Amino acid sequence: MSKDKDFENNTVSRTQLKLEAEKLQSLGLKLCDLSVSKLKALNLPPDLFEAIIAMQKITSNGAKRRQSQYIGKLMRNFDATELNTIMTFWDQQEIKEKQHFHNVELWRKKLVEDPGSVNDFLIKFPTEEKLILLNTIKEAVEEKTKDKAPKYSRELFKLIKKIIEK
């Protein structure tokens, strides 16, 4: 009787196997969204690398489904734990970059709409380029009121980004 319990504890249900296969297939599809240089950096097995490159070129929905199943099959033979950690790290880096971009954009918008908020910006991010910043804000505000092309607004974005990243 104890052998039966050990056997039940060591066996994995078909549902569990399917869930694991689906996770690997979805990870494989995430790999398809990466650039070739990032894929090379992952040191994937050659057949998996080629299958992912082929998937990036496929346009037919049926062919994409079959290729994704094939990628999932190849992923089952590959230890994906290290790959998961790398992908998670890259996702976190992308989120940080987006947050940084939004932060810079919010400061640009705030400085153009309320030029008095420049003091808050300078307190938070002291810089030697105070005069350049003030002139660029003035030009961006003037540009906005006259509905001109956003030349100085773009320059202000670049300047804010440069100051924040120091």
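Here goes a summary of the coordinates provided. Keep in mind the model is a prediction, meaning the values are calculated, not measured. (Residues numbered from 1 in each chain as written. Predicted model: local features only at pLDDT ≥ 70, side-chain atom pairs only at ≥ 80, totals over all residues. Heavy atoms only, no water.)

## Comments concerning the overall build of the protein
Short version of the rule: Here a helix means four or more residues in a row that DSSP labels H or I, a strand means two or more in a row labelled E, and each is numbered from the N terminus. Between the two quantities, the radius of gyration covers C-alpha atoms and the globule rule is 2.2 Å times the number of residues to the power 0.38. Buried, partly exposed and exposed residues are distinguished by accessible area as a fraction of the type maximum, computed with a 1.4 Å probe on protein chains only: under 20%, between the cut-offs, and over 50%, respectively. When charges are tallied, Lys and Arg are placed among the positive residues and Asp and Glu among the negative ones, while His and the ends of the chain are skipped. All charge positions are set by atom: Lys at NZ, Arg at CZ, Asp at CG, Glu at CD.
For the protein, the count of helices and strands is nine helices and zero strands. For the protein, the sequential pattern of α-helices and β-strands runs α-α-α-α-α-α-α-α-α. For 166 residues, the compact-globule estimate of 2.2 N^0.38 gives 15 Å, and the protein exceeds it by more than 25% at 26 Å. Considering the protein as a whole, with its 166 residues, one finds that 30% of them fall into the buried category. Positive and negative side-chain charges of the protein, numbering 31 and 25 respectively, have mean locations separated by a distance of 4 Å.

## Examining helix H8 (residues 130–145)
Formally: Expected helix span is given by 1.5 Å per residue-to-residue step, counting one fewer step than there are residues. Within this analysis, the arc is defined by the directions that extend from the helix axis to the C-beta atoms. We call two residues contacting when some pair of their heavy atoms lies within 4.5 Å.
The end-to-end C-alpha distance of H8 is 23 Å, a good match for the 22 Å that 16 residues give at a rise of 1.5 Å each. Residues Leu-133, Thr-136, Ile-137, Ala-140 and Glu-143 constitute the buried set of H8. Along the long axis of H8, the arc covered by the buried residues comes to 125°, so they all point the same way. Turned more than 90 degrees away from the buried face of H8, the exposed residues are Leu-131, Lys-138 and Thr-145. Here the buried face of H8 lies against helix H6 (81–113), helix H7 (118–124) and helix H9 (151–165). Just downstream of H8 lies Asp-147, where phi reads positive at about 55°.

## Re the nonpolar core
The cut-off we apply is this: Buried Ala, Val, Leu, Ile, Met, Phe, Trp, Tyr and Cys residues that are joined via side-chain atoms within 4.5 Å together make up what is termed a nonpolar core.
Grouped together as the largest cluster of nonpolar side chains are 20 residues, with contacts concentrated most on Leu-31 and Met-75. Taken together, the elements giving at least two residues each to this core come down to helix H2 (14–32), helix H4 (46–57), helix H5 (61–76) and H6. Per-element tally for this core: the top contributor is H4, with five residues. The contacts of Met-75, once residues within four sequence positions are left out, are Leu-24, Leu-27, Gly-28, Leu-31, Leu-48, Ala-80 and Leu-83. Listed in part, the 17 residues of the second largest apolar core include Trp-107, Val-118, Leu-133 and Leu-159.

## Examining the pattern of salt bridges
Heads up, the rule is: Between Lys or Arg on one side and Asp or Glu on the other, a salt bridge is scored when a side-chain nitrogen of the former is within 4 Å of a carboxyl oxygen of the latter.
If you walk through the whole model with that rule in mind, you get six salt bridges. Two residues, Glu-113 and Lys-144, come together in a salt bridge whose shortest N-O distance is 3.9 Å. Of the two residues, Glu-113 is situated in helix H6 and Lys-144 in helix H8; the sequence distance between them amounts to 31 residues. With a shortest N-O distance of 3.6 Å, Lys-166 and Glu-129 are connected by a salt bridge. With Lys-166 in the segment after H9 and Glu-129 in the loop between H7 and H8, the pair connects residues that are 37 residues apart, well separated along the chain. When salt bridges that share partners are traced, they join Glu-129, Lys-162 and Lys-166 into one network.

Geometry only, nothing functional implied.
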